[in-house]
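Spelled out, the chains give:
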Amino acid sequence: MGNRNSCSSPKKSKRYQLPKTTIHEGEYNVPDGPCYGVGLTPDSRILVTTHDNSIKYWDLKTKRVIYTIERAHHSTIYSLTMSNNGTTFITGSKGNTVKIWSVDKPQELHKFKNITENCVFEVKLTNDNNYFLARCGYEEEAHVQFWNIRKKSLIKSFPLGNALCIAIAPNDEIFACSSWSEIKVWDLRTKELVSQMRLIDTSVIIRSLVFTNDGEKIITGSNAWLKIWDVGSGNLIHTIEHQSKLPLTLLKMLDDETMISASDDGVIGIWNIEEKRLIDSFVHNENFKIRSRYQDPKPRITFSASKDKKTLVTASNEGLIKIWDLPSRKCVHTLFTPRITDDS
């Protein structure tokens, strides 16, 4: 009997047709499921969220759903990334599929089907929106794929066992990937390895990483430390201790000096990287429960911030979504989606 927990998609029966993607105007009941992806447009006008294998478009001003895409993927959506110009977003799913969508209307623009035999845990768009990276597979089978969107062609597959997170530099020329306690930096033009960094304590897992806005440094997060590395030399520049009980699983630069982090206990941190200190922190959900393994390749907390640094949206794999006023660190709204019951 096959492994039911395997990421590989089951073979389709010749007699069974998978349900088709359906688009509804406004709110529509979709089964409750984890929210692994949120994307906020730069003007804070539209919020896009994932719910198991469905997608919702929200009007952030009215806090109402504009569109619901039912069965946007055939299985759980693990990652969503909004483009820098806010016109498109990309999703990756458990079912080996990556899709690119329009923001202005619920329209699928590109579909990359069966790009791997394993789950797609993370997808990242380049700043020019012409390419994407997909982190696929788990443990020794993990690898990162580099795709040309317009040509729908695979450029390169990087075998990176135990890959847990990826990041693209602001200039789109290099990307970094963590593999357990090691970081590798690759040139996307030459496809060559250009730099390598390694923690002294090899039992520590690097769960998150991000490039600084100038592309010269990489910041990594683990169970007790933030570490700042020099990209060119691979040298460790500075170590910052954090107080979270669990690993930092998501890091994003808000501006040249400020970074936002999320940890597996639901704590959102605001950091001043220049001063190398934590400015403030707040909790996504006081009753947040850990439902996954320590080294789970997908984060339990995700977030998206507006370009004007006024709005932050946080979400968790329990389905709770909150909108925050970032300057005051206050939750201004909680988004709920209808719950499906057995007799509904």
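In the block above lies the structure referred to throughout.
Below you will find a few notes about this structure. Not measured: the values here are computed from a predicted model. (Residues numbered from 1 in each chain as written. Predicted model: local features only at pLDDT ≥ 70, side-chain atom pairs only at ≥ 80, totals over all residues. Heavy atoms only, no water.)

**A word on the sheet that holds strand 2 (residues 38-40)**
- Across the sheet, which stays open at both edges, the 5 strands sit in the order 1-5-4-3-2 with antiparallel pairing between neighbours. At either margin of the open sheet sits one strand with a lone partner, and together these are strand 1 (22-25) and strand 2. Strand-to-strand twist of the sheet, defined as the mean angle between neighbouring strand axes without regard to direction, takes the value 15 degrees.
- In the sheet, strand 4 (residues 54-59) pairs with strand 5 (residues 64-70) via 5 bridges, with the strands oriented antiparallel. Within strand 5, the residue paired with Lys 56 across the bridge is Thr 68. (Pairing = 2+ DSSP bridges. Helix = DSSP H or I, 4+ residues; strand = E, 2+ residues; numbered from the N terminus. Axes fitted to C-alpha atoms, helices over the stretch in contact; angles between N-to-C directions.)

**Considering a negative patch on the surface**
- Together, Asp 214, Glu 216, Asp 256, Glu 257 and Glu 274 line one region of the surface with negative charge.
- Relative to the helices and strands, Asp 256 is located in the loop between strand 22 (248-253) and strand 23 (258-263).
- On the basis of relative accessible area, Asp 256 is assigned to the exposed category, the value being 55%. (Patch = residues over 30% accessible without salt bridge, like charges linked within 9 Å, V, L, I, M, F, W, Y side chains within 5 Å. Areas by Shrake-Rupley, 256 points an atom, 1.4 Å probe, with all protein chains shown as cover. Salt bridge = Lys/Arg side-chain N within 4 Å of Asp/Glu carboxyl O. Lys, Arg positive; Asp, Glu negative; His and termini not counted. Charge placed at Lys NZ, Arg CZ, Asp CG, Glu CD. Buried < 20%, exposed > 50% of the residue type's maximum accessible area, 1.4 Å probe, protein only.)

**Quick notes on the pattern of salt bridges**
- Applying the stated criterion to the full structure yields 13 salt bridges.
- With its nearest N and O atoms 3.3 Å apart, the salt bridge here joins Lys 99 to Glu 108.
- Take Lys 99: its relative accessible area is 5%, and that puts it in the buried class.
- When its relative accessible area of 33% is taken as the criterion, Glu 108 is described as partly exposed.

**What to know about the nonpolar core**
- Ala 176, Ile 183, Val 185, Leu 209, Phe 211 and Ile 218 are the most contacted members of the largest nonpolar core, which has 16 residues in total.
- Counting only elements with at least two residues in this core, the list comes to strand 14 (163-168), strand 15 (174-179), strand 16 (182-187) and strand 18 (208-211).
- Not counting chain neighbours up to four residues away, the residues in contact with Ile 218 comprise Ala 176, Val 185, Met 197, Leu 209, Val 210, Phe 211, Lys 227, Ile 228, Trp 229 and Val 231. (Core = buried A, V, L, I, M, F, W, Y, C linked by side-chain atoms within 4.5 Å. Contact = heavy atoms within 4.5 Å.)

**A short note on the pairing of strand 16**
- Counting buried residues in strand 16 gives 5 out of 6 residues, a clear majority hidden from the surface.
- Across 6 bridges, strand 15 lies against strand 16 in antiparallel orientation. Counted as the bridge partner of Ile 174 is Asp 187 from strand 16.
- The turn joining strand 15 and strand 16, which pair antiparallel and follow one another in sequence, is formed by 2 residues; a positive phi near 65 degrees is taken by Trp 180.
- Note that strand 16 and strand 17 (residues 193-198) share 5 bridges and pair antiparallel. If you follow Val 185 over to strand 17, its bridge partner there is Ser 195.

**As for the environment of Ile 55**
- You can see Ile 55 is positioned in strand 4.
- Judged by relative accessible area, Ile 55 falls into the buried class, the value being 0%.
- Each C-alpha atom of the pair Ile 55 and Glu 70 lies 6.8 Å from the other, and the pair is 15 residues apart in sequence.

**Quick word on the side chain of Asp 187**
- Along the polypeptide, Asp 187 turns up in strand 16.
- Given a relative accessible area of 8%, Asp 187 falls into the buried group.
- Within the local environment of Asp 187, its side chain forms a polar contact with the backbone nitrogen of Arg 189, the two atoms lying 2.7 Å apart.
- Setting aside anything within four residues of it in sequence, one finds Asp 187 in contact with Glu 173, Ile 174, Glu 192 and Val 194. (Polar contact = N/O pair within 3.5 Å; in protein donor to acceptor, adjacent residues only side chain to side chain.)

**Observations regarding the side chain of Lys 99**
- Turning to its location among the elements, Lys 99 is positioned in strand 8 (residues 98-102).
- For Lys 99, the side chain forms a polar contact with the main-chain oxygen of Ala 72, separated by 2.6 Å.

**Comments concerning unusual backbone geometry**
- Unusually for a residue other than glycine, Ser 44 sits at a positive phi of about 60 degrees.
- Mapped onto the fold, Ser 44 is located in the loop between strand 2 and strand 3 (46-51).
- A positive phi is found at Trp 180, a non-glycine position, where the angle reads about 65 degrees.
- With respect to the helices and strands, the residue Trp 180 is situated in the loop between strand 15 and strand 16.

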